[in-house]
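Residues per chain are reported as follows:
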Amino acid sequence: MGTSNWTRRDFLKVLGAGAAALSAPGCKAAPGLSGGKSKGPNIVLIMSDDMGFSDIGCYGGEIDTPNLDALAADGLRFTQFYNTARCCPTRAALMTGLYQHQAGIGHMMGDRGSPGYRGDLNNRCVTIAEVMKLAGYGTYMAGKWHVTPHTKPEGPKYNWPLQRGFDRFFGTIHGAGSFYDPNSLTLDNTQIPRWEGFYYTDAISDYAAKFVNEHKGDNPFFMYVAYTAAHWPMHALEKDIAKYKGRYKQGWDVLRAERHAREKEMGLVDPKWELTLRDERVPAWDDEPLKEWNERRMEVYAAMVDNMDQGIGRIVEAIRKKGQLDNTLIFFLQDNGGCAEEYGSRGAIKPDPSKPVELKPMRPDELQTRMQPTVTRDGRPVRTGRGVMPGPDDTYIAYGKGWANASNTPFRLYKHWVHEGGISTPLICHWPGHVKKPGTLCHDPGHLIDIMATCVDVAGAEYPTTYQGNSIQPMEGVSLSPTFRGKPLAERAIYWEHEGNRAVRVGKWKLVSKHPGGWELYDLEQDRTEMHDLAAEHPEKAQELKPLYEAWADRCGVRPLPLKKPKKS
Ligand SMILES: [Ca+2]
């Protein structure tokens, strides 16, 4: 790995170098804002897709993320921040400050026949962009939207970013696609074809930096940057993959052990929490027959994250060049845990490489409509299957369970489930002068719903009770700003439901169920890796938490499985 002798000192050195870079001479505090209604800071909310708790450097990963590490060194890192375990629900909760069912997106983009599961943002919620716009902010978005089923070029567009509070938008309406040729690629309200040399992660970074550069006036801006890295397919540029060649030779078992050691060293996880066992469906690395293929899958994954970090560096640089870095609150988080879906990576290689296929190339101006293209622009077949070496545009596969298991070190389960591996995310908060002790950790539990509350708080914005004639549900979260000053958050209950997987956490206690199983109870202070179910030992605690969950589920429109099938409209 070349990282086994990584010490705390090495990490601090990296962080220190980054911090120095960020606060280089010439980077003076921004002048006070004048003009716009809000005197609040700029807010940049960056989220990545399908990554585990331990992937980035400042959370124990070996992937090079110097720009995120620098933000962490100068900011605050949460060790117990939570998402909803899945793409669409996370985006719905993040954007609205409500639980996803309250915003209409309890599952994915299909209509499951009840208000909590319409698969489309409802009109009883507002987005952060809508609230910030009311406060006088410029509002920009680059990246993946994924909170409406209407992804076609001609709409309907009532729930596209420009209709939900953003002044400018570049990105994709749909939730997944090729990084070289994504479907539903959109500029403002118009779908566009990809251009020559296109790579989606770079395009998101460049548009975000461009929006920073083009922002005019004295009013602050809110920008949402939603990367699709490192969601499948494993697509990365050769220059970025080259850096990771051979880095995963020792396999997922060693990787998990190394990441766990660094997490303990950095104080991110408690040494008394046992490292979870390897997923029983994953072979020991020594027994894995396709080592070269598996190494390549992880090399590409790492390269995708690396490229995103480079782009975050360019966005931060654009803000710094404007003299606005000290006046900008930057968040970084991830939308769900590492993804064990073996998308495109099972079975024989298709189409069969030994049998030539004749495919029609796509016109340069043709809109891409397929999540998984069958053909590259120049007419080569896009291949899936076990053994396809990922990276280039004619492949479409996932990185697989073994690496997802390592991404989620030291926790259990994955994207979809609400055990800690599915819902735990890094949260970095960077705001010079306001985060009082740079480089520190906050161990208070927090949730996506808190981002809206924090934005409203720091911007001095008003969260509306009615919007465009509709009455708006009160926000569910709390402002995280006390934690910037080293103050604790008040204890409260936090809830999850996704695909019948359920949980409630109050303080150190978490009651959790993996559908269709029963309730398990964990003391997260002693055992955050959920290795020792205390439901039988502490039935009174389980009995205390169960009605809390049920009351929440009832209040927020959560329905038990099976949900109805999507209806044809
Ligand atoms: Ca995701």
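See the structure above.
Residues numbered from 1 in each chain as written. Predicted model: local features only at pLDDT ≥ 70, side-chain atom pairs only at ≥ 80, totals over all residues. Heavy atoms only, no water.

A.B. asks: Would you explain unusual backbone geometry in this entry?
C.D. replies: Backbone phi values are negative for most residues with the exception of glycine, while trans is the configuration of most peptide bonds. For the bond running from Gly155 to Pro156, omega is 10 degrees, close enough to zero to count as cis. Here Pro156 is to be found in the loop between strand E3 (138-144) and strand E4 (168-172). Looking along the chain, the bond that leaves His515 and enters Pro516 is cis, with omega of 5 degrees. On the secondary structure map, Pro516 appears in the loop between strand E15 (509-513) and strand E16 (519-523). Phi is positive for Ala85, close to 85 degrees, though the residue is something other than glycine. Relative to the assigned elements, Ala85 resides in the loop between strand E2 (76-82) and helix H3 (87-96). For Ala85, a relative accessible area of 0% translates into the label buried. One non-glycine residue, Leu413, lies in the positive phi region at around 65 degrees. For Leu413, a relative accessible area of 17% puts it in the buried group. (Helix = DSSP H or I, 4+ residues; strand = E, 2+ residues; numbered from the N terminus. Buried < 20%, exposed > 50% of the residue type's maximum accessible area, 1.4 Å probe, protein only.)

A.B. asks: Help me understand the state of the cysteines in this model?
C.D. replies: Linking two cysteines covalently via their sulfur atoms produces the bond known as a disulfide. Per the stated rule, a full pass over the model turns up 0 disulfides. Of all cysteine sulfurs, the one in Cys442 lies closest to Cys429, which takes part in no disulfide; the gap is 8.3 Å. Residue classification places Cys429 among the buried residues on the basis of a relative accessible area of 0%. Unpaired in this structure, Cys455 has its nearest cysteine sulfur neighbour in Cys429, at a distance of 10 Å. (Disulfide = S-S within 2.5 Å.)

A.B. asks: Where do I start with helix H5 (residues 200-214) in this structure?
C.D. replies: Residue pairs spaced three or four apart in an α-helix point in one direction, given the helix's 3.6 residues per turn. Here H5 contains 15 residues, and its C-alpha end-to-end distance of 21 Å stays within 8% of the 21 Å for a straight helix at 1.5 Å per residue. For H5, the buried fraction is high: 11 of the 15 residues fall into the buried class. Of the residues making up H5, those classed as buried are Tyr200, Thr201, Asp202, Ala203, Ile204, Ser205, Tyr207, Ala208, Ala209, Phe211 and Val212. Contact partners of the buried residues in H5: E3, E4, strand E5 (185-187), strand E7 (221-226) and helix H8 (291-321). (Expected span 1.5 Å × (residues − 1). Contact = heavy atoms within 4.5 Å.)

A.B. asks: Teacher, can you tell me more about helix H13 (residues 539-556) here?
C.D. replies: Along its 18 residues, H13 runs 26 Å from first to last C-alpha, staying within 8% of the 26 Å computed at 1.5 Å per residue. Considered for burial, the residues of H13 that qualify are Lys541, Ala542, Leu545, Tyr549, Trp552, Ala553 and Cys556. Taken end-on, H13 shows its buried residues confined to a sector of 95 degrees, consistent with a single buried face. Facing away from the buried side of H13, by more than 90 degrees, are the exposed residues Asp554 and Arg555. Gly557, located one to two residues past H13, shows a positive phi value of around 80 degrees. (Arc of directions from axis to C-beta.)

A.B. asks: Before we go on, may I ask you to explain the environment of Gly75 in this structure?
C.D. replies: Relative to the assigned elements, Gly75 resides in the loop between helix H2 (66-74) and E2. Placed 204 residues apart in sequence, Gly75 and Asp279 show a C-alpha to C-alpha distance of 34 Å. Apart from residues lying up to four places away in sequence, Gly75 is in contact with Cys429, His430, Val435, Lys437, Pro438, Gly439 and Thr440.

A.B. asks: Explain the pattern of salt bridges to me, please; I cannot follow it from the model alone.
C.D. replies: Going through the model one piece at a time under the given rule, you end up with 44 salt bridges. In this structure, the salt-bridge partner of Lys415 is Asp50, at a minimum N-O distance of 2.9 Å. Highlighted residues: Lys415 in the loop between helix H9 (401-407) and helix H10 (420-423) and Asp50 in the loop between strand E1 (42-48) and H2, separated in sequence by 365 residues. A single burial state applies to Lys415 and to Asp50, both of which are buried. Ionic pairing is found between Asp188 and Arg168, a salt bridge with its closest N-O pair at 3.0 Å. With Asp188 in the loop between E5 and strand E6 (190-191) and Arg168 in strand E4, this residue pair connects regions lying 20 residues apart in the sequence. Three or more residues are tied together by salt bridges with common partners; here these are Asp49, Arg91, Lys144 and Asp335. (Salt bridge = Lys/Arg side-chain N within 4 Å of Asp/Glu carboxyl O.)

A.B. asks: Can you help me understand the pairing of E4 in this one?
C.D. replies: For a regular strand, side chains alternate in direction, first toward one face of the sheet and then toward the other. For E4, the buried fraction is high: 4 of the 5 residues fall into the buried class. Inspection of the sheet shows E3 paired to E4 by 5 bridges, in the parallel sense. What sits directly across from Ala142, in E4, is Phe170. With 3 bridges joining them, E4 and E5 adopt antiparallel strand pairing. Looking across to E5, one finds that Gly171 is bridged to Thr186. (Pairing = 2+ DSSP bridges.)

A.B. asks: Is there a simple way to explain the coordination of the calcium ion in this structure?
C.D. replies: Six octahedral donors around a metal ideally subtend angles of 90 or 180 degrees, whereas four tetrahedral donors ideally subtend 109.5 degrees. At this site the calcium ion is bound by Asp49 (OD), Asp50 (OD), Cys87 (SG), Asp335 (OD), Asp335 (OD) and Asn336 (OD1), with donor distances of 2.2 to 2.7 Å. Coordination at the calcium ion is irregular, judged from the 6 donor atoms that bind it and the angles of 51 to 155 degrees they form at the metal. (Donors = N, O, S within 2.8 Å, 3.2 Å for Na, K, Ca; no water. Tetrahedral: all angles 85-135°; square planar, octahedral: opposite > 155°, others 65-115°.)

A.B. asks: Explain the packing of aromatic side chains to me, please; I cannot follow it from the model alone.
C.D. replies: Aromatic rings considered in pairs are described by the distance between their centres and by the relative angle of their planes. For the structure shown, the criterion picks out 30 aromatic pairs. Arranged with centres 4.1 Å apart and planes meeting at 10 degrees, the rings of Tyr301 and Tyr399 form a pair that is stacked. Linking Tyr301 in helix H8 with Tyr399 in the loop between strand E8 (328-334) and H9, this pair joins segments that are 98 residues apart in sequence. This pair shows no difference in class: Tyr301 is buried, exactly as Tyr399 is. (Phe/Tyr/Trp six-rings, centres within 6.5 Å; stacked < 30°, edge-to-face > 60°.)

A.B. asks: What's the story with the sheet that holds E5 in this structure? I'm lost.
C.D. replies: Neighbouring strands of a sheet are bound in pairs by backbone hydrogen bonds; such pairs are parallel or else antiparallel. One open sheet holds the 10 strands; their spatial order is E6-E5-E4-E3-E7-E1-E8-E9-E2-E10, and the pairing between them is mixed. Both outer strands of the open sheet, E6 and strand E10 (440-447), are each paired with one neighbouring strand and no more. Of the pairings in the sheet, the one linking E5 to E6 comprises 2 bridges and is antiparallel in character. Bridging across to E6, Leu187 finds its partner in Thr190. Its contacts with the sheet put H8 on E1, E7 and E8, and the angle it makes with E8 is roughly 170 degrees. (Axes fitted to C-alpha atoms, helices over the stretch in contact; angles between N-to-C directions.)

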